[in-house]
2 protein chains.
Amino acid sequence: MAEPSARRELGQGMATDIAEQPEVFARLLEPAPADAIAAIAARVIEQRPRHVVFTARGTSDHAALYGAYLSEIRLGIPAGLASPSAVTVYGARPDLAGALVIGVSQSGGSADLVEVVRAARDTGALTLAITNNPHSALAEAAELHIDVAAGHERAVAATKTYTAELLALLLLVESVRAGGRLPGDERSALAELPNLAAGLLDDATPAEIAGRYRFAARVVTTGRGYAYPTAREAALKLMETSYLPALAFSGADLLHGPLAMTAPDVPVLAVVGDGPAGAAMREVVTKLDERRADVVAIGPSAIDGVRLRIATPSVDERYAPLLDILPLQRLAMHLALARGEDPDAPRGLNKVTITR
Amino acid sequence: MAEPSARRELGQGMATDIAEQPEVFARLLEPAPADAIAAIAARVIEQRPRHVVFTARGTSDHAALYGAYLSEIRLGIPAGLASPSAVTVYGARPDLAGALVIGVSQSGGSADLVEVVRAARDTGALTLAITNNPHSALAEAAELHIDVAAGHERAVAATKTYTAELLALLLLVESVRAGGRLPGDERSALAELPNLAAGLLDDATPAEIAGRYRFAARVVTTGRGYAYPTAREAALKLMETSYLPALAFSGADLLHGPLAMTAPDVPVLAVVGDGPAGAAMREVVTKLDERRADVVAIGPSAIDGVRLRIATPSVDERYAPLLDILPLQRLAMHLALARGEDPDAPRGLNKVTITR
């Protein structure tokens, strides 16, 4: 019921996908998926990987980035994102013995990721696929598989499969950290997610901001730490659905050069949480304010000098990516509609992209 | 003498920096730097790292990405780019024993990279700094240091320090591959670089294309494999100097969603080499052509359906990034001048950026 105006016409599929996120969270938090993830966590603990290598593309690449932060911060295991083309284009076979290689893909159908995971498995890596399709080639290529069980995604632009991937990664990492099974306090905190997500779906602010930015020529998104994947994913959604050039920068990189691009006519979507990355982002927002950028802060707290805000729940920064993206998905959808585009079926795109 | 029109006025510093690249290459290829790099290669071989972790920001991040491809393809050692904020914002201390951690920074002054390298060294990583300042904090924090010896860089936008970082990484990786010292055939091939680079500085095409794109509202850059860092760096130069929104995508990612953003009024700078990544890029260029994008191919060969081309020498794809970026640096400079900006001193930017 969250997007009544969009339901019957353009964007109906994307609106429905977005609105299903609370139930997707609830489903992944049930005992059966939690048990399946605990079993995989036990295998990871047994293997004691020296490092984690993610391989993914597009939206799932942003989920992988979130997973890399979790791995380094919560497990102390170095993590990075692999470039599939080293393997698929140049035939490289990096020695991944001792590594955990995680392929993330909603369809599980990308031939290049399948090849990377197979090559990794051949060299002795522990391999895990995280997909929304347990019968996919990627799920079959990897030794281990987590089904994010988000159900059929209607729109081409991924929304509920993205947050389901985030939650699956969070459950896995916290289970590994706890020695195999999610601790009670973590479980209680996560049990709030479906309600918190549902609360965000009723907020009218994203639609209002879409009206404001209907005539924008470009958008900048920014965040740090756990919020950086949110900035990246928000930019991709805006590009996929509204064809609006959206430039995502970590708050730190923005100060290194692209700050010069901000100006009073450039909206900046800044994800500013309540934790350490949010504190670091406040300096960035101050600089943006000096340059008179039109800043929208996405986060739980008001920020001096920033008039526009999309309020999100105050949660630990590692949970925030599962919530903060929801109003940004809705902003992308409303902006596409305001600009006369169909967010369900972007021009010239298919759901499964074949790349090598 | 390469950029006479720019010498006396705006952009003089950047023009001089760009024009010095042939001599910067020649200097790094002399026996003394080669010996220093061979000694570092010997330490790497002795340590046998399980994986390589790069840490860098901005332009140097693109050099690091090139280094990651080299490591995987030429050495079979998995490589990735670290997010400094896991360490600097969240206080993570990933266990990097058995890893080679390489910090890349022209100034060597970024406090966050220094902290990442120190933390890595504390956990037992072999650490290497690649900088243009042997007395910098980063050079001192790392156990090993390569001085790219590019000389003082006049403009804020990095050009000659970028290609010097690329060459240093190439020399290091090929020396490791060869067991400690660069093989003769590699040395002969690299000896051509200064002349090939000098040849590119006389080409009038970048200035002509700058005239064509003076009124563009945005630009897309794309490449695959070794050419992907070139696409990323070209986009950053355009943003830093012309404030033109420039979106860089790997050829594969472009097909996953952002392809919808291309249109007849959007210039696409596509780096299409002579090797395997270039072959994969031809499919991407065909799709761009179907969408009637205004494609400029940067590469050694003509491509069906693409009228605009910046011709670059036909070299192995792993050498091409050292050359292909030169006309793109010049394009960024000429475009900034055409748009009335000063490429030497972008608005609101400093040469050394302090981030944490």
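## Details of the overall build of chain A
Consideration 1: Across its full length, chain A holds 16 helices and 10 strands.
Consideration 2: Its C-alpha atoms give chain A principal-axis dimensions of roughly 55 × 45 × 40 Å.
Consideration 3: Burial analysis of chain A (356 residues in total) assigns 66% to the buried set.
Consideration 4: At a minimum sequence separation of 6, the contacts of chain A that also span at least 24 residues come to 75%.
Consideration 5: For chain A, the exposed area adds up to about 11,700 Å²; of that, 49% sits on carbon and sulfur atoms.

## Overview of the relation of the copies chain B and chain A
Each of the two copies of the chain can be brought onto the other by a rotation about an axis and a shift along it.
Consideration 1: Mapping chain B onto chain A is achieved by rotating through 180° and translating by 0.0 Å along the same axis, at an RMSD of 0.0 Å. Taken together, the turn and the small shift mark the pair as related by a two-fold rotation axis. The rotation axis passes nearest to the C-alpha of G80 of chain B in chain B, at a distance of 2.4 Å.
Consideration 2: Looking at the interface residues of chain B, 100% of them are also at the interface in chain A, so both copies use one shared face.

## Some words on the confidence of the model for chain A
All names here are of chain A.
Consideration 1: This prediction gives chain A a mean pLDDT of 92; 94% of its residues lie at or above 70.
Consideration 2: Here residues 1-8 is a poorly scored stretch, pLDDT under 50, and it has 16 contacts once near neighbours within four places are set aside; other chains count.
Consideration 3: The ipTM, which scores confidence in the relative placement of chains, is 0.92 for this predicted complex, and the corresponding pTM is 0.94.

## Here's the deal with the interface of chain B and chain A
Consideration 1: Every contact between the two is made by 61 residues of chain B and, on the other side, 61 residues of chain A.
Consideration 2: When chain B packs against chain A, close to 5,300 Å² is buried across both sides, 58% of that on carbon and sulfur atoms.
Consideration 3: Put simply, chain B and chain A have four salt bridges between them.
Consideration 4: D253 of chain B serves as the salt-bridge partner of R57 of chain A, at 3.5 Å between the closest nitrogen and oxygen.
Consideration 5: At the level of elements, α5 (59-75), α6 (84-88), α13 (228-242), β7 (246-250), α14 (251-255) and α15 (276-290) of chain B are the ones that each hand at least two residues to the side of chain B that touches chain A.
Consideration 6: Broken down by element, the residue count for the side of chain B that touches chain A peaks at five residues, all from α15 of chain B.
Consideration 7: When grouped by side-chain class, the residues that make up the side of chain B that touches chain A number 33 nonpolar, 14 polar and 14 charged.

## Structural notes on the environment of L167 of chain B
Consideration 1: Relative to the elements of secondary structure, L167 of chain B occurs in helix α9 (residues 160-177).
Consideration 2: Once residues lying within four places of it in the same chain are set aside, the contact partners of L167 of chain B are F25, L28, L29, L190, L193 and L322 of chain B.

## What to know about the pairing of strand β8 (residues 267-271) of chain A
Residue and element names in this part refer to chain A.
Consideration 1: Burial analysis of β8 places five of its five residues in the buried class, which makes it a mostly covered element.
Consideration 2: Of the two faces of β8, both are covered, the one formed by P267, L269 and V271 as well as the one formed by V268 and A270.
Consideration 3: Here strand β6 (residues 219-223) runs beside β8; their pairing, made up of three bridges, is parallel. Looking across to β8, one finds that T222 is bridged to A270.
Consideration 4: The pairing of β8 with strand β9 (residues 294-299) spans five bridges and is classified as parallel. Note that in β9 the partner of V271 across the bridge is I298.
Consideration 5: Each parallel crossover has a hand, and for β8 linked through helix α15 (residues 276-290) to β9 it is right-handed.

## Comments concerning the sheet that holds strand β1 (residues 51-56) of chain B
Residue and element names in this part refer to chain B.
Consideration 1: In spatial order, the strands read β2-β1-β3-β4-β5; together these five strands make up an open sheet with parallel pairing. At either end of the open sheet lies a strand with only one pairing partner, and these are β2 (79-81) and β5 (144-147). When strand polarity is set aside, the average angle formed by the axes of neighbouring strands in this sheet is 20°.
Consideration 2: Where β1 and β2 come together, three bridges link them in parallel fashion. Counted as the bridge partner of V53 is G80 from β2.

Conventions used here
Residues numbered from 1 in each chain as written. Chains lettered and ligands numbered in written order. Predicted model: local features only at pLDDT ≥ 70, side-chain atom pairs only at ≥ 80, totals over all residues. Heavy atoms only, no water. Helix = DSSP H or I, 4+ residues; strand = E, 2+ residues; numbered from the N terminus. Buried < 20%, exposed > 50% of the residue type's maximum accessible area, 1.4 Å probe, protein only. Contact = heavy atoms within 4.5 Å. Areas by Shrake-Rupley, 256 points an atom, 1.4 Å probe, with all protein chains shown as cover. Least-squares fit on C-alpha atoms with pLDDT ≥ 70 in both. pLDDT = per-residue confidence, 0-100. Buried area = accessible area lost by both parts, 1.4 Å probe. Salt bridge = Lys/Arg side-chain N within 4 Å of Asp/Glu carboxyl O. Nonpolar A, V, L, I, M, F, W, Y, C, P; charged D, E, K, R; others polar. Pairing = 2+ DSSP bridges. Right-handed = clockwise from strand over helix to strand, strands pointing away. Axes fitted to C-alpha atoms, helices over the stretch in contact; angles between N-to-C directions.

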